[in-house]
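Geometric and topological summary
For reference, the chains in residue letters:
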Amino acid sequence: MNPPARKPAGLLDIESLDRAEIQAILERAHFFQPIQNESFRRLDVLRGKLIVNLFFEASTRTRVSFEIAERRLGADTVSIAAQASSVTKGESLVDTLNTLVAMRPNAIVMRHSASGAPHFLARHLQIPIINAGDGTHEHPTQALLDARTILDQRPSLEGLRVAIIGDIAHSRVARSNVHLLSKFGAEIVLCGPPSLLPKELGLLAPGIRLTNHMTDAIRGADVIMMLRVQLERQHEAPMASGEYFRYYGLRLEHLELAKPDVIVMHPGPINRGQELSSDVADSQRSVILNQVENGISVRMAVLERILSDEVGTGAAA
Amino acid sequence: MSSILIRNGRVIDPASGGDAVADVLVRDGHIESVGRGILPEDGLAEYDATGAIVAPGFIDMHVHLREPGIEHAETIETGARAAAAGGFTSICCMPNTKPVNDCATVTSYILQRAREVAAVNVFAIGAITKGSLGEELAAIGSMRDAGIVAISDDGRPVMNARVMRRAMELAAALGIPVIDHCEDLNLSAGGDMHEGRESVRLGLRGIPAASEDVMVARDLLLAELTGAHYHVAHMSTTHSAEMVAFAKARGLKVSCEVTPHHFAITDEEVVTYDSNYKMKPPLRCAHDVDAIIKAIAGGVVDAIATDHAPHAGDEKMQEFERCPFGITGLETAIGLTLSELVHPGHITVGRMVELFTTGPAGILRLDRGTLAPGAPADITIFDTETEWTYDVQQSFSKSRNSPFSGRRFRGGPLATIVRGKIVWKKE
């Protein structure tokens, strides 16, 4: 029925995906959107498949979102918070994974605080690995759900002005979004204090501009993506305490500089009064909760693509 | 058997300026004569070096042998065997063992152990400070008496400029060089690779070139202040090379070495998150690699040294940011130098021999690196054309952390002779 598409080995990052692959995932996610909130419905495309969610770093929304997506598709799932497992007993990452692989899961969804940890494992293990965020490198499913959310509001990504604001240097969300948006021809403005905005970020992909000034970033924007202040990854303060919100916090008056129908996004969890004022977070322009919802449909599309024996497409369905 | 006649090779001896096809006669562990048509003798072993280059034994002035204390990664015996297989007849081991080589007892242990088990000559480098902690000077005088040829806190550079000054003053009086691994630990803190486009792309913390540059600048000023012989280990940046050239032009006693990996690979050629590409200083960007090659070609660089840094497999099989720094290098140094410097025409094979012989011997005042009659018969025989592939699984080292496994080389070592004895020969 559906022609079997090229089956990817896993999902490690957005950078190595091509545009057609991303397009296919986003279309399939669109098909899953009506199902994502129907908690009584279970598809059976992944019936009999075992997925292990291995989270070496605390996560609520991403882990829960993956779990729901897996169950909606009929897979069996096991979630492991690795801080509490044998890792704390000194077991190496490779040994932990080998132990899990011996239990024959069909895929591992993994979050890890070290950049490249899933890439390292993918080289040594014969099992699809889905990156649920690696250190300060990439968070591919977040960028996919962000793109899905934008496309729910706009016909296309091409030519859109997207401002990404905050701690870019330490943000895996920013890196994945930059790669994805650039592949689709968006104009990207990255904005943050100098120590969180290394100039080499401008070389990540075509179509990127850097600025240290919030108003400059927001002027004429179609999309504003705010990033969480990642205190746990910052090794030194980027600026005097208290100044961050003053210069890089998004407030309601900023939105007047943007396009009238600008949307405000945030990967969560939000720190009200840090990177985002409460009135912006709760405003009509905020699509933060839509992002959370789309997390499920996008992850369903990703899991199906990697694990299903027959890969559907949005059009065929 | 420590007598041998090496026949018909191209004998390159930078110390005497010789470069011609000749025979080399070794008797009782010493060079007896070099010349054409030396007659064979009954019972005298022979090596036919036709088509090959016969050079003074190569010296690697920067290796880590991990003994005492870290023998699961390397021992003096295995490291020396890897050196022999790489064409080296002498190696100088850095003091970062457990315990640190910061007193005469450890120095004597290493040298005694080397005499018992090492296939090649082993020279020891002592620590600058006790435990290489950067605070209190080590027992430099008694280590000198026990045989060290230089001091260095390699890998844990002395951050306190006052301590470095005192060390340089003492070293100057003792007549030994101070070797510094140049890295400002505050600027490099937490870094895993060269800071630049690739570190930003991969989400890895960067080690800026400036972390090396500021230490080279500091040390050069201290070298001028103290009159010490100062040596920059594994120089890797454009500005370091410029500053060393400037200091030499000012007449300071300054020298420097580079590693093969720093002239052979850029940060963009790193296989993503493969810890076999993780070392300090990190692989730099293309313009630094170009500057280093120019510094070699232009005579600023005095020696090629490998910074052979074995790590056991499980230490390198981790998340990139957790892996220790360093790669092995003894067995690939000649191949890389030929393929990256000689064959592309950056340097002549004669200059290459200098960088491995008179260069390091001069820095460390070793009675090696020459084929003069009476000298110890340490000889490296290599060729520049035979193609071969490096397989790290066949390495003589105890460790396997090389990025060059599977790499094809044109030219490499053929035989290694130490004190007249063939300690390694290509099969």
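Residues numbered from 1 in each chain as written. Chains lettered and ligands numbered in written order. Predicted model: local features only at pLDDT ≥ 70, side-chain atom pairs only at ≥ 80, totals over all residues.

Thoughts on the overall build of chain A
Per the secondary structure count, chain A includes ten helices and nine strands. Pairs at least 24 apart in sequence give 76% of the contacts found in chain A among residues at least 6 apart. (Helix = DSSP H or I, 4+ residues; strand = E, 2+ residues; numbered from the N terminus. Contact = placed C-beta atoms within 7 Å.)

Here we look at the confidence of the model for chain A
Across chain A, the average pLDDT comes to 89, with 90% of residues at or above 70. For the stretch residues 312–317 of chain A, pLDDT sits under 50, and the model shows 14 contacts to residues farther than four places along the chain or on other chains. (pLDDT = per-residue confidence, 0-100.)

Describing helix α5 (residues 140–153) of chain A
A rise of 1.5 Å per residue sets the reference length of α5 of chain A, with its 14 residues, at 20 Å; its end C-alpha atoms lie 21 Å apart and thus fit the reference within 8%. Along α5 of chain A, the residues classified as buried are P140, T141, Q142, A143, L144, L145, D146, A147, R148, T149 and I150 of chain A. (Expected span 1.5 Å × (residues − 1). Buried ≥ 20, exposed ≤ 12 C-beta atoms within 10 Å, placed from the backbone.)

Quick look at the confidence of the model for chain B
The predicted model of chain B averages 97 in pLDDT, with 100% of residues at 70 or higher. Here the prediction assigns the complex a pTM of 0.93, and the interface score ipTM is 0.90.

Remarks on the interface of chain A and chain B
Each partner contributes residues to the interface: chain A has 20 residues there, and chain B has 17 residues. Mapped onto the side of chain A that touches chain B, the elements with two or more residues apiece are α3 (93–101), α4 (117–124) and α6 (172–183) of chain A. The leading source of residues in the side of chain A that touches chain B is α4 of chain A, at three residues. Along the lines of polarity and charge, the residues of the side of chain A that touches chain B split into nine nonpolar, eight polar and three charged. (Nonpolar A, V, L, I, M, F, W, Y, C, P; charged D, E, K, R; others polar.)

Details of the sheet that holds strand β8 (residues 223–226) of chain A
All names here are of chain A. Within the open sheet, the five strands sit side by side as β7-β6-β5-β8-β9. Their pairing is parallel. Every interior strand has two partners, whereas the edge strands, β7 (208–211) and β9 (263–265), have only one. Going across the sheet, the axis of each strand differs from the next one's by a mean of 20°, ignoring polarity. Across four bridges, strand β5 (residues 161–165) lies against β8 in parallel orientation. Bridging from a neighbouring strand, I165 pairs with M226 of β8. (Pairing = 2+ DSSP bridges. Axes fitted to C-alpha atoms, helices over the stretch in contact; angles between N-to-C directions.)

Details of the nonpolar core
Core analysis: the biggest nonpolar cluster contains 118 residues, and V24 and I151 of chain B have the highest contact counts within it. Residue assignment places this core across two domains, with domain 1 (4–53 + 376–425) and domain 2 (58–364) of chain B each supplying three or more. Sequence-distant contacts of V24 of chain B, that is, excluding residues within four places in its chain, are made with I6, V11, I31, V34, V54, L371 and I379 of chain B. Membership of the second largest hydrophobic core comes to 101 residues, among which are L121, I168, V262 and A281 of chain A. (Core = buried A, V, L, I, M, F, W, Y, C linked by C-beta atoms within 7 Å. Domains from an automatic or database assignment.)

With respect to the domain arrangement of chain B
Residues and elements named next belong to chain B. What the domain assignment lists for chain B is domain 1 (4–53 + 376–425) and domain 2 (58–364). Here the C-alpha centroids of domain 1 and domain 2 sit 25 Å apart. Each partner contributes to the interface: domain 1 provides 29 residues, whereas domain 2 provides 41 residues. Only β16 (379–389), β17 (408–418) and β18 (421–425) provide two or more residues apiece to the side of domain 1 that touches domain 2. When residues of the side of domain 1 that touches domain 2 are assigned to their parent elements, the largest contribution, seven residues, is made by β17. In terms of residue class, the side of domain 1 that touches domain 2 is made up of 14 nonpolar, ten polar and five charged.

Points about helix α10 (residues 286–297) of chain B
Counting along an α-helix, one turn takes 3.6 residues, and residues three or four places apart therefore face a common direction. All names here are of chain B. Its twelve residues give α10 an end-to-end C-alpha distance of 16 Å, which sits within 8% of 16 Å, the value for a rise of 1.5 Å per residue. Buried within α10 are the following residues: D288, V289, A291, I292, I293, A295 and I296. Each element contacted by the buried residues of α10 is listed here: α7 (209–226), α8 (238–249), β14 (254–258), α9 (260–264) and α12 (333–342). Residue G299 follows α10 closely and has a positive phi angle near 90°.

Digging into the environment of S16 of chain A
Residue and element names in this part refer to chain A. Relative to the assigned elements, S16 resides in the segment before α1 (19–36). S16 gets classed as partly exposed once you count the C-beta atoms within 10 Å, which come to 14. In this structure the C-alpha to C-alpha distance between S16 and M265, which are 249 residues apart in sequence, comes to 24 Å.

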